[in-house]
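Coordinate analysis (summary)
Residue-level listing of the chains:
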Amino acid sequence: MLTLRYYSPPDLIGRLQFLEFPKKVSNCVVCAAKGPRPRYPRVWKTRTKIGTVSKSLKLVECIKGLSNVKEEVYGALDSFIAWDLEFPLITVKKALKALEHEKEWKRIIQVTKWMLSKGQGRTMGSYYLLLYALAEDGRIDEAEELWTRLFSDNLESMPRVFFDRMIFIYYRRQMHDKMFEVFADMEELGIRPTVAIVNMVGDVFQKLGMLDKYQKLKKKYPPPKWEYRYIKGKRVKIRSQNLKEPENGYKEVNESSNESNREDEVDSDELEVDQSEVSEVVNQDQ
């Protein structure tokens, strides 16, 4: 026979009052023999995350206070990467970028040569940065030696930026004969010069009184009719201007000429405006 028992709610509530729950939960692990012990963080897991950016900044700070002695700089760099299982190529590249931003040309030369001596980073970007730093530091003989070696090893695959850099170096130091040699090598290899290079060579022709060669140069390499600029975040196609100051605006002219050589890659949604319309837009923004 089935029987039912009834428990009154007050009795159940009265029994629950004797149960006490801990108010604070401590972060501890209960050991079977010695009771609770505190939980410590693991030794192999650090809370501070060290990435390549912070490590590259430490590398820059490590070599900034050193002298220009080769053994001292190389020893500091070797001790910095002593505990790395692999060569920290990304860290060194970011450190070189930071040094380039601060125009520390001597440190760039030292770090790049140290990296190349380790057999790492042998790319055209590293050699171009080394060539640029040597020229800015006034070590033209070493820059020419590096250029000659790279040009002889990569005769048919030499990037155009190396020719542009050497012509700009010779143009700034008025070394016209060597400048014409590099320009002649460009024409023999079929490398089309940028607008900045054509302006530099044309300027030298005018200074030397070679007007016939100047006319042939302008006829062979006419200035582009269109160039691209960014106005209000949009890529706008405008009529180009013939810049006559290549030394002051070398970087800007080079970038605009690189954009003008890619006219065939323009999408159909890009705008085409005249220079007067661009000036009106800029005046309205101001």
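Residues numbered from 1 in each chain as written. Predicted model: local features only at pLDDT ≥ 70, side-chain atom pairs only at ≥ 80, totals over all residues. Heavy atoms only, no water.

- In the nomenclature of an unreviewed UniProt entry, the chain corresponds to Pentatricopeptide repeat-containing protein from the organism Centaurea solstitialis.

As for the overall build of the chain
- Within the chain one finds 13 helices and five strands.
- Counting only residues that meet the buried cut, the chain has 34% of its 286 residues in that class.
- In the chain, of all internal contacts separated by at least 6 residues, the share reaching a separation of at least 24 is 61%.
- Within the structure as shown, the chain displays about 20300 Å² of accessible surface, and the carbon and sulfur contribution to it stands at 53%. (Helix = DSSP H or I, 4+ residues; strand = E, 2+ residues; numbered from the N terminus. Buried < 20%, exposed > 50% of the residue type's maximum accessible area, 1.4 Å probe, protein only. Contact = heavy atoms within 4.5 Å. Areas by Shrake-Rupley, 256 points an atom, 1.4 Å probe, with all protein chains shown as cover.)

Some points on the confidence of the model for the chain
- When pLDDT is averaged along the chain, the result is 77; 66% of the residues meet or exceed 70.
- When pLDDT is averaged over each element of the chain, helix α8 (residues 160-172) comes out on top at 94 and strand β5 (residues 271-272) at the bottom at 40. (pLDDT = per-residue confidence, 0-100.)

What to know about the environment of A95
- Structurally, A95 is set in helix α4 (residues 89-101).
- For the pair formed by A95 and L59, sequence separation is 36 residues and the distance between their alpha carbons is 6.7 Å.
- Those residues in contact with A95, other than ones at most four positions away along the chain, are S56, L59 and V60.

Overview of the side chain of S56
- One can find S56 in helix α2 (residues 52-64).
- With a relative accessible area of 4%, S56 lands in the buried category.

Remarks on the packing of helix α5 (residues 105-117) against helix α6 (residues 124-136)
- With their axes 9 Å apart at the nearest point, α5 and α6 run at an angle of 145° to one another. Seen along the crossing, α5 lies across α6 with a hand that is left-handed. On α6, the residues that touch W105, I108, I109, T112, K113, M115 and L116 of α5 are S126, Y127, L129, L130, Y132, A133, L134 and E136.
- Considering only residue class, the contact of α5 with α6 consists of eleven nonpolar, two polar and two charged. (Axes fitted to C-alpha atoms, helices over the stretch in contact; angles between N-to-C directions. Left-handed = near helix turned anticlockwise from the far one by under 90°. Nonpolar A, V, L, I, M, F, W, Y, C, P; charged D, E, K, R; others polar.)

Examining α4
- A rise of 1.5 Å per residue sets the reference length of α4, with its 13 residues, at 18 Å; its end C-alpha atoms lie 19 Å apart and thus fit the reference within 8%.
- Turning to α4, its buried residues number three or more, namely T91, V92, A95, L96 and L99. For α4, the angular spread of buried residues about the axis comes to 135°, placing them on one side. The exposed residues of α4 that point more than 90 degrees off its buried face are I90, K97 and H101.
- Contacts made by the buried residues of α4 are with α2, α5 and α6.
- Looking one or two residues beyond α4, the residue adopting positive phi is K103, at roughly 60°. (Expected span 1.5 Å × (residues − 1). Arc of directions from axis to C-beta.)

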